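Letter by letter, the chains look like this.
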Amino acid sequence: MLLKLALKNVISRKSSYAIVFFITLAIMLFCIANAVFDSTEQGIQSCYISSFTGDVLIRAKADTQISLFGDDTPVTGQMTRIDTLIPYDEIKKTVEALPEFKGAVSQVTGAALTNSRLLYLFGVDADEYMKLMDAAHVTEGAIYNPGEKGAMVCSSLAKTLGLKLGSKLQFTVPTGVSFRIRSATVTAIIDYDTYNSVFETFVLVDPEVVRDVMEIDSGIDYSEIDISEDKTDLLEIDMDIDSLFDDAADVDAVWEDIETTEAVIDDSVFTDQESVGENLSWHFIITKLEKASDAPSVIKRLNRIFKDKGWPVEATDWRHAAGSTSLYLYWMRVIFNIGIIIILVAGFIIINNTLIINILDQTKEIGTLRAIGAKKRFISLQYMIETFTMTITSGVLGSIAGIICSKFITKAHITFTNSFLIQLFGSDALTLTVTKSNIMSLFLLSIVLGLIGWLYPVITALKIYPVKAMAGEK
């Protein structure tokens, strides 16, 4: 009976249709706005993760926030020193043992001047890197081989610097009063699925070039290398150094033709060849997961493991890996989102006021019901059902309308030519997807509107004496 009476009151009032219409419109706009927010976040995230940051970054702990570009805050004018991962082998084995693990690549980072332009040097194994970053594609040439001292640049940077296959990239690092200069040969031009200006700030280089130009130690512990006894005999000979020259005689001059030969190092001195050849100096391990959504839980788990083992390293997400390169995009999205939210909140305030006025206008009816014996609980439940019927119906209709509009916008294939908009949305086309969390937030909003629009006016109306309420007092 109570439900029937409430539904009859909603249907019989013309004001109910106006309220449902405006709430439906507001929720539809909120649904589309949420879809835009989600698409920008997912677009940028997928662009960065698939291009150079990966899902999870392993880095050494530091007093400042270190990204793949180092601490690139312009404070000292130079790149802050980045600590290497210790113990590298154990850290990598721990990461690879994760069930969510898909792949990983190690990176050593540097910074140098090239044609009077500061570029970041990403020292990586080219084959592993290109397999992991599926948004990057070689369009010209081929990836460099280990030890080849090669480099790969994006097409836009190659065009800016006038580079082509076979060009020499010269890296210059100031060292006090002089300079340290190294070079690498461009072996490949690469492109990315989605353009971003950050790709013009770094070059993929053979790791040994980066270690050489930045003077980074190899990370090999030579104290553990065994030297055979026959190679150490000279060190144990007990002799007087002056006795070495007893047979020497004075001569006027000695002429001898000497052929120039290359120095040959006897590698047999080292019995552990494998440990000598492996370089352990890496700044980062970039990891991809089977599911990007698992990144938060994986980061927490890894940091617990690192803390328990006492390793001075930490795991972090893609945004911290990108550093300041993604920061301005993040804040631009925040400002954009705040603007839309302010407009929607203003609309919801007006709608909520309409709901409150709708019940306050029925004060006379509430007084009559109380006068004929209706209890406060009965009246509260009746108007709660009426209010929630309107708001939840509006939530369903608004969500459906929002999903339909989002699909139409996506099918319209709205494209961007402005580079800033492409970076902001993470794609050159506007693609809207309404997620489950989006729908849940809309229904939660409908419930909140219903509570506010029902609780305050009913409590206010019930405080008035029935006689005064029947007279229409508010």
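Structure: above.
The structure reproduced in this document is the subject of the present report. (Residues numbered from 1 in each chain as written. Predicted model: local features only at pLDDT ≥ 70, side-chain atom pairs only at ≥ 80, totals over all residues. Heavy atoms only, no water.)

Note that Asp55 resides in the loop between helix H2 (14–53) and strand E1 (56–60). Lacking a salt bridge, the buried Asp55 has Lys288 as its closest oppositely charged neighbour, with an N-O distance of 5.5 Å. Aside from chain neighbours lying at most four places away, what touches Asp55 is Ile49, Thr287, Lys288, Leu289, Ala292, Ala295, Thr316, Asp317 and Trp318. (Helix = DSSP H or I, 4+ residues; strand = E, 2+ residues; numbered from the N terminus. Buried < 20%, exposed > 50% of the residue type's maximum accessible area, 1.4 Å probe, protein only. Lys, Arg positive; Asp, Glu negative; His and termini not counted. Salt bridge = Lys/Arg side-chain N within 4 Å of Asp/Glu carboxyl O. Contact = heavy atoms within 4.5 Å.)

Moving on, we come to the pattern of salt bridges. Scanning the entire structure with this criterion turns up seven salt bridges. Between Glu200 and Arg117 there is a salt bridge, with the nearest N and O atoms lying 3.9 Å from each other. Taken together, the residues span a long stretch of sequence, with Glu200 in the loop between strand E7 (178–192) and strand E8 (202–205) and Arg117 in strand E3 (residues 117–124) at a distance of 83 residues. Judged by its relative accessible area of 14%, Glu200 falls in the buried class. For Glu215, the salt bridge goes to Arg180, with nearest N and O atoms at 3.6 Å. Of this pair, Glu215 sits in the loop between helix H6 (207–214) and helix H7 (233–236) while Arg180 sits in strand E7, and the two are 35 residues apart along the sequence. On the basis of relative accessibility, which here comes to 58%, the residue Glu215 falls in the exposed class.

As a further point, take unusual backbone geometry. Cis geometry is found at the peptide bond from Ile86 to Pro87, where omega equals -5 degrees. One non-glycine residue, Lys149, adopts positive backbone phi at about 60 degrees. Considering the arrangement of structural elements, one finds Lys149 in the loop between strand E4 (136–141) and strand E5 (150–154). Owing to a relative accessible area of 46%, Lys149 belongs among the partly exposed residues under this scheme. Residue Glu215 is not a glycine yet carries a positive backbone phi of 55 degrees.

One finds Phe52 and Ile58 to be the most contacted residues of the largest nonpolar core, which totals 77 residues. When residues in this core are grouped by element, the largest group, six residues, is from E7. Counting residues in hydrophobic clusters, the runner-up holds twelve residues, among them Val10, Ile23, Cys31 and Leu442. (Core = buried A, V, L, I, M, F, W, Y, C linked by side-chain atoms within 4.5 Å.)

Moving on, we get to the packing of aromatic side chains. Enumeration according to the criterion identifies 14 aromatic pairs in this entry. Aromatic pair Phe52 and Phe199: ring centres 6.3 Å apart, planes at 90 degrees, arrangement edge-to-face. Within this pair, whereas Phe52 is found in helix H2, its partner Phe199 is found in the loop between E7 and E8, the two being separated by 147 residues in sequence. Note on Phe52: relative accessible area 0%, which makes it buried. Three or more aromatic residues link up through ring pairs in this structure, and these residues are Tyr48, Phe52, Phe69, Tyr120, Phe122, Tyr192, Phe199, Phe202 and Trp318. (Phe/Tyr/Trp six-rings, centres within 6.5 Å; stacked < 30°, edge-to-face > 60°.)

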